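Topology and contacts: notes
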Amino acid sequence: PISPMAIAFDAEKLTLSPEGPTLTRRMSDLEGLFRDHDAWSAAASGDDPIVYTVVSSPVPEVERELPQSITTIMPGDTAGELWMTKGHQHPDHQGEIYLALHGRGGLLMFDGERTEWLDMLPGTIGYIPPGWAHRSVNTGDEPYSFLAVYPGGAGHDYGWVLERGMGSRAFRAESGVDLRPYAE
Ligand code: 6PG
Ligand code: NI
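Residues numbered from 1 in each chain as written. Chains lettered and ligands numbered in written order. Predicted model: local features only at pLDDT ≥ 70, side-chain atom pairs only at ≥ 80, totals over all residues. Heavy atoms only, no water.

Okay, the coordination of the nickel ion (ligand 2) next. For the nickel ion (ligand 2), the protein coordination sphere consists of H88 (NE2), H90 (NE2), E96 (OE) and H134 (NE2), at 2.1 to 2.2 Å. Geometry at the nickel ion (ligand 2) is octahedral, judged from the six donor atoms that bind it and their angles of 72 to 172 degrees at the metal. In the primary sequence, the donor residues of the nickel ion (ligand 2) line up as H-x1-H-x5-E-x37-H. One exposure class covers both H90 and E96, and it is buried. (Donors = N, O, S within 2.8 Å, 3.2 Å for Na, K, Ca; no water. Tetrahedral: all angles 85-135°; square planar, octahedral: opposite > 155°, others 65-115°. Buried < 20%, exposed > 50% of the residue type's maximum accessible area, 1.4 Å probe, protein only.)

Structural data, given as structure tokens:
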């Protein structure tokens, strides 16, 4: 275990200090996730934009620790499908808490049968119950950021989502978001 610590959160810059590892996901890291494979492929082999970043606190991802991270998703869409995180299931079905910090987003959850969508505006706490795969979506026109707090031993199963999907897909619409069944 590590020692008690204060982590400075800058609400303007959305940074953590001290900071742990940072992850950058580009379009090319999101293979098999967007409905329009050709549009994805063109973007991935073109300018390959950064779709999202994840900045972690120094708390390690190990059993019984409680790490945090801030995810920032850029605004954009691929053939209408809003930019999003890969999405994953926690293998041992641990729950998780999100707090929206900036911009506009959505939290799409899927338990294998049911799909749920939560609008995420700054101040919204999104609760992910055990056993619900989760994906975040930027529904606005500026970066969408949220804080996540999760059990350090939770792990990330990305194959679960590649196999089963998320029940729905989120497309850009005049009113913000148009949720369509995964298969359509
Ligand atoms: C977690 C959180 C969250 C998530 C990021 C990136 O379990 O750590 O759900 O920090 O990992 O938002 O999303 P992906 O892990 O699906 O790429
Ligand atoms: Ni998670």
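Next comes the rest of the account.
Within the largest apolar cluster, 34 residues are counted, with the highest numbers of intra-cluster contacts made by M27, L30, F34, Y98 and M166. Broken down by secondary-structure element, the contributors of at least two residues to this core are helix 1 (37–45), strand 4 (50–56), strand 8 (96–102), strand 9 (105–110), strand 10 (115–120), strand 12 (133–138), strand 13 (144–149) and helix 2 (159–164). The element that contributes the greatest number of residues to this core is strand 9, accounting for four residues. The residues contacting F34, other than those within four sequence positions of it, are M27, W40, T78, E81, L82, W83, M84 and R169. (Core = buried A, V, L, I, M, F, W, Y, C linked by side-chain atoms within 4.5 Å. Helix = DSSP H or I, 4+ residues; strand = E, 2+ residues; numbered from the N terminus. Contact = heavy atoms within 4.5 Å.)

We now examine the site of ligand 1. The environment of ligand 1 is formed by 18 residues, the closest being Y52, T71, E96, Y98 and Y158. Taking T71, its side chain carries an N or O atom lying 2.8 Å from an oxygen atom of ligand 1. Notes on ligand 1: free accessible area 400 Å², of which the protein chains cover 97%. Every element with two or more residues in the shell around ligand 1 is listed here: strand 4, strand 5 (68–73), strand 8 and strand 13. Residue classes in the shell around ligand 1 are distributed as seven nonpolar, eight polar and three charged. (Near = heavy atom within 4 Å. Polar contact = N/O pair within 3.5 Å; in protein donor to acceptor, adjacent residues only side chain to side chain. Areas by Shrake-Rupley, 256 points an atom, 1.4 Å probe, with all protein chains shown as cover. Nonpolar A, V, L, I, M, F, W, Y, C, P; charged D, E, K, R; others polar.)

To continue, consider the environment of T15. Here T15 lies in strand 2 (residues 15–17). Through-space distance from the C-alpha of T15 to that of V55 is 7.6 Å; in sequence the pair is 40 residues apart.

Omega for the bond connecting S17 with P18 falls within 30 degrees of zero, at 0 degrees, which places this linkage in the cis form. With respect to the helices and strands, P18 occurs in the loop between strand 2 and strand 3 (22–26). Residue D48 is not a glycine yet carries a positive backbone phi of 45 degrees. In this structure, D48 sits in the loop between helix 1 and strand 4. On the basis of relative accessible area, D48 is assigned to the buried category, the value being 15%. Unlike most non-glycine residues, H93 shows phi in positive territory, near 60 degrees. Here H93 lies in the loop between strand 7 (81–82) and strand 8. Classification of H93 by relative accessible area gives partly exposed; the value is 41%.

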